[in-house]
Amino acid sequence: MIRMNHKGTRMDNDGNFWDSAGNVPEVVDHVHGARAAGMGVISMKLVGEGVFNHDDRQKAMRFAFRNAGVDCVTVGYKSPAEVDEAIDNLNLALA
């Protein structure tokens, strides 16, 4: 499992400061390395711990699967509508 999204929000970073952006290219490199070694990769904090708007939630899902190449993601939900949106975002990312 890795913390990753397209903006670096709520990801690990050099100073380990929660509000500082993480190094997205470095994390993507680690994902590619893990996949090359035959490991599966699960992405968490995909929607920035809930701080992303609708557009960024779509971009995050697309980035995780198309650019970073993760195998699956975890997303938390507060309502059935958020589950439906995540399914729609996943379908768009995988299309």
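Everything below is about the structure shown above.
Residues numbered from 1 in each chain as written. Predicted model: local features only at pLDDT ≥ 70, side-chain atom pairs only at ≥ 80, totals over all residues. Heavy atoms only, no water.

Section: the overall build of the chain
Rules: Each helix is a run of DSSP H or I of at least 4 residues and each strand a run of E of at least 2, with the numbering of both proceeding from the N terminus. Buried residues are those whose accessible area, probed at 1.4 Å on protein chains only, stays under 20% of the maximum for their type, while exposed residues exceed 50% and partly exposed ones sit between those limits. In what follows, residue pairs with any heavy atoms lying within 4.5 Å of each other are defined as contacts. Residue burial considers only the protein chains on display, and all accessible areas are found by Shrake-Rupley using a 1.4 Å probe. The convention is simple: Lys and Arg are positive, Asp and Glu are negative, and His and the chain ends are not counted. One atom stands in for each charge, and that atom is NZ of Lys, CZ of Arg, CG of Asp or CD of Glu.
Each helix and strand in the chain was counted, giving 3 helices and 3 strands. Reading the chain from its N end, one meets helices and strands in the order β-α-β-α-β-α. Taking the principal axes of its C-alpha atoms as reference, the chain extends roughly 35 × 30 × 15 Å. The burial tally for the chain puts 34% of its 95 residues in the buried class. Nonlocal contacts in the chain, meaning residues at least 24 apart in sequence, comprise 66% of its contacts between residues at least 6 apart. Here the chain has roughly 5700 Å² of accessible surface; of this, 53% comes from carbon and sulfur atoms. Here the chain carries 10 positive and 13 negative side-chain charges, and the mean point of each set is 2 Å from the other.

Some details on the pattern of salt bridges
Stated precisely, the cut-off is as follows: A carboxyl oxygen of Asp or Glu within 4 Å of a side-chain nitrogen of Lys or Arg is what we treat as a salt bridge.
If you walk through the whole model with that rule in mind, you get 4 salt bridges. Note that D56 is salt-bridged to K7, the shortest N-O span being 2.9 Å. Here D56, found in helix α2 (residues 54–68), pairs with K7, found in the loop between β1 (2–3) and α1 (24–36); they are 49 residues apart in sequence, far enough to count as distant. Using a relative accessible area of 11% as the deciding quantity, one classes D56 as buried. By relative accessible area, K7 is classed as partly exposed at 43%. Between K59 and D55 there is a salt bridge, and its shortest N-O distance comes to 3.1 Å. Residue K59 and its partner D55 are both found in helix α2; the two are separated by 4 residues, about one turn of the helix. Exposure remark for D55: the relative accessible area of 39% places this residue in the partly exposed category.

Observations regarding the sheet that holds strand β3 (residues 72–73)
Cut-off, in case you're wondering: Pairing between strands is defined by DSSP: at least two bridges between the two strands are required.
Read from one edge of the open sheet, 3 strands run β1-β2-β3, paired in parallel fashion. Of all strands in the sheet, those with a lone pairing partner are β1 and β3, marking the two edges.

Some thoughts on the layout of surface pockets
Quick reminder of the rule: Within this scheme a cavity is a closed region of a 1 Å grid, computed over the protein atoms alone, that accommodates a 1.4 Å probe without allowing it to escape, whereas a pocket is open but has protein on both sides within 12 Å along at least five of seven lines; lining residues each have an atom within 4 Å of a point. Grid points are joined across faces, edges and corners, and a volume is the space filled by probe spheres set on the points. Three residue categories are used. Nonpolar comprises Ala, Val, Leu, Ile, Met, Phe, Trp, Tyr, Cys and Pro, charged comprises Asp, Glu, Lys and Arg, and polar comprises the others, including Gly.
In this structure, the largest pocket spans a volume of roughly 360 Å³. When contributions to the lining of the largest pocket are tallied by element, the ones reaching two or more residues are α2 and α3 (80–94). Per-element accounting of the lining of the largest pocket gives the leading share, 4 residues, to α3. Across the lining of the largest pocket, the residue classes break down as 8 nonpolar, 4 polar and 6 charged.

Observations regarding unusual backbone geometry
Leaving glycine out, the prevailing phi sign among residues is negative, and the prevailing peptide bond configuration is trans. With a phi close to 60 degrees, K45 is a non-glycine residue in the positive phi region. When you line up the elements, K45 lands in the loop between β2 (42–44) and α2.

Quick notes on α3
Structural remark: α-helix, 3.6 residues per turn; residues separated by three or four positions point the same way. Definition in use: Helix span is expected to be 1.5 Å times the residue number reduced by one. Working note: the arc is built from the helix axis to C-beta atom directions.
For α3, which comprises 15 residues, the first-to-last C-alpha distance of 21 Å matches the rise-based estimate of 21 Å (1.5 Å per residue) to within 8%. For α3, the complete set of buried residues consists of E85, A86, N89 and A93. Each buried residue of α3 sits inside an arc of 100 degrees when the element is viewed along its axis, so together they form one side. With respect to the buried face of α3, the exposed residues turned more than 90 degrees away are P80 and L94. Residues of α3 that are buried make contact with α2.

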